[in-house]
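Each chain is listed here by its residues.
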Amino acid sequence: ELEWSEGEPAINVYTSDGYFGAHKDHLALTVLIPLTAPSTDFEGGGTGFWAGNSAVGEDPRGPPDLVLAPAAGTALLFGGDVTHAGLPVAGGLRSVFVASFST
């Protein structure tokens, strides 16, 4: 039986200046699937990752070590102890399917 993060699976929607603060999910696996396309549907945004599972403040405006903004429908999968954030959207609408779980 899967153990889901509270409120997931979900669709996170970000508008201008919207973001999801830096955090760790603390479950075995996280799956993010963008439902909107970067540069077409929104500007800015993407998912930021910090190396070495760094402890960072919730405000993700500090530079992450890696930013991924894949095409709509492209899954990102990573372990639940990776520090990550939904980076601020500069304009448009960003939608992401989110599911974090353990077995």
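Now for a description of the structure that goes with this document. Note that the structure is a prediction, hence the values are computed from the model and not measured. Residue numbers here run from 1 along each chain, matching the order of that chain's written sequence. Restriction of local features to residues with pLDDT of at least 70 applies here, the model being predicted, together with a cutoff of 80 or more for giving and counting side-chain atom pairs; totals for whole chains, interfaces and linings are based on all residues. Only hydrogens and water are removed before side-chain values are computed, so all heavy atoms of the structure are retained for them.

Across the sheet, four strands lie side by side as E3-E9-E6-E7; this open sheet has antiparallel pairing. Two strands in the sheet have a free side with no partner beyond their single neighbour: strand E3 (20-23) and strand E7 (66-68). Neighbouring strand axes in the sheet, compared pairwise and without regard to direction, differ in orientation by 15 degrees on average. Across three bridges, the pairing between strand E6 (residues 47-49) and strand E9 (residues 84-86) is antiparallel. Whether two strands pair depends on DSSP finding at least two bridges between them. Helix and strand assignments follow DSSP, with helices taken as H or I runs no shorter than four residues and strands as E runs no shorter than two, numbered in order from the N terminus. Interaxial angle, 0 to 180 degrees, is taken between N-to-C directions of lines fitted to C-alpha atoms, where a helix line uses only the stretch in contact.

Before going further, it helps to examine the layout of surface pockets. As a volume, the largest pocket reaches approximately 260 Å³. Of all the secondary structure elements, the ones that give two or more residues to the lining of the largest pocket are strand E2 (10-14), E3, strand E4 (29-34), E9 and strand E11 (94-102). Looking at the lining of the largest pocket element by element, the count peaks at four residues for E11. Within this scheme a cavity is a closed region of a 1 Å grid, computed over the protein atoms alone, that accommodates a 1.4 Å probe without allowing it to escape, whereas a pocket is open but has protein on both sides within 12 Å along at least five of seven lines; lining residues each have an atom within 4 Å of a point. Grid points are joined across faces, edges and corners, and a volume is the space filled by probe spheres set on the points.

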